[in-house]
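# Breakdown of the fold
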Amino acid sequence: MVLLMLDGIRSEIEFARESTHHASFPKAIEALNATISMVEGGNLDEAIPKVAEAVSAATTVAQESWEALAAHGLL
């Protein structure tokens, strides 16, 4: 079940990467690929920091967008 969820998240981030070409998305995908490999290998303790890395890379884009909108008085 965890692998299906991680694969679904990776698919969504791949879509975002193709749509925006933002440099943070490939970093998130690489971290998710490593996470999936670790989960498949039963290395759950090592996978947790990789998930955090993927989330951080993906949310960087959202933060930058938020800041740009706020700077223009749109938020």
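Remember, it's a predicted structure, so these values are computed and weren't measured experimentally. The numbering scheme is per chain: residues are counted from 1 as the chain's sequence reads. With pLDDT at 70 or above as the cut-off, local features in this predicted model cover only qualifying residues; side-chain atom pairs require 80 or more to be listed or tallied, and sums for whole chains, interfaces and linings still use all residues. Neither water nor hydrogens contribute to the side-chain values; these are computed over all heavy atoms in the structure.

Salt bridges are defined as contacts in which a side-chain nitrogen from Lys or Arg sits within 4 Å of a carboxyl oxygen from Asp or Glu. Summed over the entire model, instances satisfying the criterion amount to three salt bridges. We note a salt bridge from D7 to R10, for which the minimum N-O separation is 2.4 Å. With D7 and R10 both in helix 1 (residues 2–20) and three residues apart, the pair spans about one turn of that helix. When its relative accessible area of 32% is taken as the criterion, D7 is described as partly exposed. The partner of E18 in a salt bridge is R17, and the shortest N-O contact between them spans 3.0 Å. The secondary structure listing takes helices from DSSP runs of H or I that are at least 4 residues long and strands from runs of E that are at least 2 residues long, numbered from the N terminus. Summary of the burial criterion: residues with accessible area below 20% of their type's maximum are buried, those above 50% are exposed, and those between are partly exposed, where the area comes from a 1.4 Å probe applied to protein chains only.

In this section: helix 2 (residues 24–40). Working rule for helices: expected span equals 1.5 Å times residues minus one. Between its first and last C-alpha atoms helix 2 spans 25 Å; for 17 residues at 1.5 Å apiece the expected length is 24 Å, and the two agree. When we look at burial in helix 2, the residues that qualify are S24, F25, A28, I29, A31, L32, T35, I36, M38 and V39. In what follows, residue pairs with any heavy atoms lying within 4.5 Å of each other are defined as contacts. At its buried positions, helix 2 is contacted by helix 1 and helix 3 (44–71). In the segment just after helix 2, G42 is the residue with positive phi, at about 80 degrees.

Another point: unusual backbone geometry. In the Ramachandran plot, H21 falls in the positive-phi region, its phi being about 60 degrees despite a non-glycine side chain. Tracing the backbone through its elements, the reader meets H21 in the loop between helix 1 and helix 2.

Moving on, we get to the packing of helix 2 against helix 3. Angle between the axes and distance between the axes are the two parameters that describe a pair of packed helices. Convention adopted: a line fitted to C-alpha atoms gives each axis, helices being fitted over their contacting stretch, and angles between N-to-C directions are expressed from 0 to 180 degrees. Contact pair helix 2 / helix 3: the axes reach a minimum separation of 8 Å and the direction vectors enclose 165 degrees. On the basis of the axis angle, helix 2 is roughly antiparallel to helix 3. Relative to helix 3, the crossing made by helix 2 is left-handed. Residues S24, F25, K27, A28, A31, L32, A34, T35, M38 and V39 of helix 2 pack against L44, E46, A47, K50, V51, E53, A54, A57, A58, T60 and V61 of helix 3. When residues are grouped by polarity, Ala, Val, Leu, Ile, Met, Phe, Trp, Tyr, Cys and Pro land in nonpolar, Asp, Glu, Lys and Arg in charged, and all others, Gly among them, in polar. The residue makeup of the contact of helix 2 with helix 3, split by class, is 14 nonpolar, three polar and four charged. If an angle is under 35 degrees, it is roughly parallel; if it is over 145, roughly antiparallel; if it lies from 65 to 115, roughly perpendicular; otherwise it is oblique. Each crossing gets its hand from how the near helix is turned against the far one by less than a right angle, where anticlockwise is left-handed and clockwise is right-handed.

A few words on the side chain of T35. Along the chain, T35 falls in helix 2. Given the relative accessible area of 0%, T35 is considered buried. Once residues lying within four places of it in the same chain are set aside, the contact partners of T35 are L6, A47, K50 and V51.

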